[in-house]
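# Close look at the chain arrangement
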Amino acid sequence: MQIAPQTPARLLVWKEFRLKPHVAAIRHRALFPMIGLQQRNWSQVVLERNQTLKDWSAASVLIISNSYRDDDVELARAASSAGLPVVADICDNVFIGDIKGDRGQMQRRNFEAIAGLSTAITVPSPYMAETVASNLDQHCPISVIPDQNETLPQTRAAFDTEAWLEKNSRLRKWAWEDQRMRFLKRAKRRLGLKKADLAPERPTPRREPGRKRLVWFGHHGEFGKSGLWALADAIPALEAVNAHCPIELLVVSNSEEKFRDLISTATFPTLYTAWHPFQVFRDIESADLCVLPNARDSLTLPKSAGRIVMALGLGVPVAATMVSSLEKLRPGLFEGMTAETLTLALTNEAERRRRLEIGKRIVEEAFSSQAVSKRWDALLTQVVEKAQPLRG
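Residues numbered from 1 in each chain as written. Predicted model: local features only at pLDDT ≥ 70, side-chain atom pairs only at ≥ 80, totals over all residues. Heavy atoms only, no water.

For the protein, the helix and strand inventory stands at 15 helices and 12 strands. Out of the 392 residues belonging to the protein, those deemed buried represent 56%. Sequence separation of 24 or more characterises 72% of the internal contacts of the protein that already satisfy a separation of 6 or more. Of the roughly 16700 Å² of accessible surface on the protein, 48% is carried by carbon and sulfur atoms. (Helix = DSSP H or I, 4+ residues; strand = E, 2+ residues; numbered from the N terminus. Buried < 20%, exposed > 50% of the residue type's maximum accessible area, 1.4 Å probe, protein only. Contact = heavy atoms within 4.5 Å. Areas by Shrake-Rupley, 256 points an atom, 1.4 Å probe, with all protein chains shown as cover.)

This is the structure in structure tokens:
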């Protein structure tokens, strides 16, 4: 993966609190777009924590992606004062209220300040676009750019932190001022997060003969009815399916304790395996059906189509609760978590093949790296061109 092409003619400055590839939002809203945009002649550098630039003259645009600290507001002010367009990218609903306590209130306050300094706002779903628009006093264009299909080669590239360090160091040849050189030295220490720490890959749990395998994968969920809480609400429907179509459920997540409390008490076999960024692809491929319920509350309604797209891209049929980000994918999904829908998705081979082929075609047309990076490129080009007369 290359961050810095041969010329810094178009330089994107990304701001993340911390560039951790283990976090899905970081991969989908920053790392994967970077990989796609470097193919479209964008040079890129990343700021973390309270890093800043003293001179913005070489930069084309600042993207603040899901980072809402006080220093992010100051960074946006500095860039805006220099005539640089600012893009605010947001994927989580910061307007929920007290669900996240003081941290949530700080995130909302700072996002609103950053949005007020922004030329454009990007979100992963139509519902998130409506939520942002209804909660901001000022008008700022909002663009829906979906999460792209996560593939194993791109995930490996996102975790190749040594390559990030090497490519980022190429910025030195642009002969920035001494203060920038000091920044780059700090960035070289921090950007790569050393070598990304990963547990060894392990085998996918073996299937029990005579049972259909369902898979659920994702973060366990910290707030509201997200994550495994939503899956727990679907257990009665899964038990009804198991009564006439034997099933097992593989959960790929990051909290075995929550799995034991919420899922393992089901009357059908359940298995847990820890999420691994590379192994998860084989875990998903081992299943007959991917189930992704959504509680449809203010926290989960804005969610992107990322996991649904990933499963379809791997050739696994998907049963999911409909939310706005899935509308384009609707013809390729089994909609809902009823026992009837799940039984159809597991037993009707002709319908499984038909919907899967439709879903895979939509993924390629609308959610591939090429399709999504094209949308990022079009938006950023428009933003930069609009700002050029103002920057002289």
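What follows continues from the structure just given.
Moving on: the nonpolar core. Core analysis: the biggest nonpolar cluster contains 61 residues, and Leu249, Ile263, Val291 and Leu329 have the highest contact counts within it. With six residues, helix H14 (residues 349–367) is the largest single contributor of residues to this core. If we skip the residues at most four places from it in the chain, Leu249 touches Leu214, Val215, Trp216, Leu231, Ile235, Leu238, Ile263, Phe268, Pro269, Thr270, Leu271 and Val291. (Core = buried A, V, L, I, M, F, W, Y, C linked by side-chain atoms within 4.5 Å.)

With respect to the helices, strands and loops of the structure, Ser80 is situated in helix H2 (residues 70–81). Apart from the residues lying within four places of it in its own chain, the contact partners of Ser80 are Val86 and Leu117.

Right, let's get into the confidence of the model for the protein. On average, residues of the protein score 87 in pLDDT, and 86% of them reach the 70 mark or higher. Taken together, the stretch residues 1–7 has pLDDT below 50 and engages in 28 contacts with residues farther than four places along the chain or on a different chain. (pLDDT = per-residue confidence, 0-100.)

This paragraph deals with the sheet that holds strand E8 (residues 247–253). Here we have six strands laid out as an open sheet, ordered E9-E8-E7-E10-E11-E12, and parallel in their pairing. Every other strand in the sheet has two partners, leaving strand E9 (270–274) and strand E12 (334–335) as the edge strands with one partner each. (Pairing = 2+ DSSP bridges.)

Pairs can form between side chains of opposite charge whenever their charged atoms are close. Counted by the stated rule, this structure contains 22 salt bridges. One salt bridge in this structure joins Asp288 and Arg207, with 2.5 Å as the shortest N-O distance. In this pair, Asp288 is assigned in the loop between helix H11 (279–285) and strand E10 (289–292) and Arg207 in the loop between helix H7 (178–190) and strand E7 (212–217), connecting sequence segments 81 residues apart. Here Glu208 and Arg211 are joined by a salt bridge, their closest N and O atoms 3.1 Å apart. Classification of Glu208 as partly exposed rests on a relative accessible area of 35%. Residues joined in a network through salt bridges with shared partners are Arg29, Asp89 and Asp147. (Salt bridge = Lys/Arg side-chain N within 4 Å of Asp/Glu carboxyl O.)

Here we take up the side chain of Ser255. Position of Ser255 relative to the elements: it lies in the loop between E8 and helix H10 (256–262). A polar atom in the side chain of Ser255 sits 3.1 Å from the backbone nitrogen of Lys258. If we ignore the near neighbours within four places in the chain, the residues touching Ser255 are His220, Leu228 and Tyr272. (Polar contact = N/O pair within 3.5 Å; in protein donor to acceptor, adjacent residues only side chain to side chain.)

Attention shifts here to unusual backbone geometry. With a phi angle near 65 degrees, Asn41 is a residue other than glycine that sits in the positive phi range. One can find Asn41 in the loop between helix H1 (24–38) and strand E2 (43–48). Among the residues examined, Asn41 registers a relative accessible area of 41% and is labelled partly exposed. In this model, Arg296 sits at a positive phi of 55 degrees, which is unusual for a non-glycine residue. Relative to the helices and strands, Arg296 resides in the loop between E10 and helix H12 (306–313).

Before going further, it helps to examine H14. Given 3.6 residues per turn, any residue in an α-helix points the same way as the ones three and four places further on. Its 19 residues place the ends of H14 25 Å apart at the C-alpha level, agreeing with the 27 Å of an ideal helix rising 1.5 Å per residue. If you check which residues of H14 are buried, you get Glu351, Arg352, Arg355, Leu356, Ile358, Gly359, Ile362, Val363, Ala366 and Phe367. Projected down its long axis, H14 shows its buried positions confined to an angular sector of 165 degrees, all on one face. Turned more than 90 degrees off the buried face of H14, the exposed positions are Arg353, Glu364 and Glu365. (Expected span 1.5 Å × (residues − 1). Arc of directions from axis to C-beta.)

As a further point, take the packing of aromatic side chains. This structure, assessed with the given rule, holds five aromatic pairs. Summarising the aromatic geometry, the rings of Tyr68 and Phe111 are spaced 5.8 Å apart at their centres and angled 85 degrees between planes, so their arrangement reads as edge-to-face. Here the residue Tyr68 occupies a position in the loop between strand E3 (61–65) and H2, and Phe111 occupies one in helix H3 (residues 101–116), the gap between them amounting to 43 residues. By the ring-pair criterion, three or more aromatic residues cluster together here, those being Tyr68, Phe95 and Phe111. Across from the ring centre of Trp42, 3.9 Å away, lies the NZ or CZ of Arg10, which sits over that ring. (Phe/Tyr/Trp six-rings, centres within 6.5 Å; stacked < 30°, edge-to-face > 60°. Lys NZ or Arg CZ within 6 Å of the ring centre and 35° of its normal.)

Here we take up the sheet that holds strand E5 (residues 120–123). Sheets are built from strands that pair by backbone hydrogen bonding, the pairs being arranged parallel or antiparallel. Spatially, six strands are ordered E2-E1-E3-E4-E5-E6 in an open sheet, and the strand pairing comes out parallel. Where the open sheet ends on each side, the last strands, each with one partner, are E2 and strand E6 (142–144). Shown here is a sheet whose adjacent strand axes are inclined to one another by a mean of 25 degrees, direction ignored. Examined bridge by bridge, strand E1 (residues 11–16) and E3 share four bridges and lie parallel to one another. Each bridged residue has a counterpart across the sheet, and for Trp14 the counterpart in E3 is Ile63. With respect to the sheet, H2 is in contact with E1, E2, E3 and strand E4 (86–89), its orientation differing from that of E3 by roughly 165 degrees. The strands touched by helix H4 (residues 126–135) are E5 and E6; relative to E6, the strand with the most contacts, the crossing angle is about 165 degrees. (Axes fitted to C-alpha atoms, helices over the stretch in contact; angles between N-to-C directions.)

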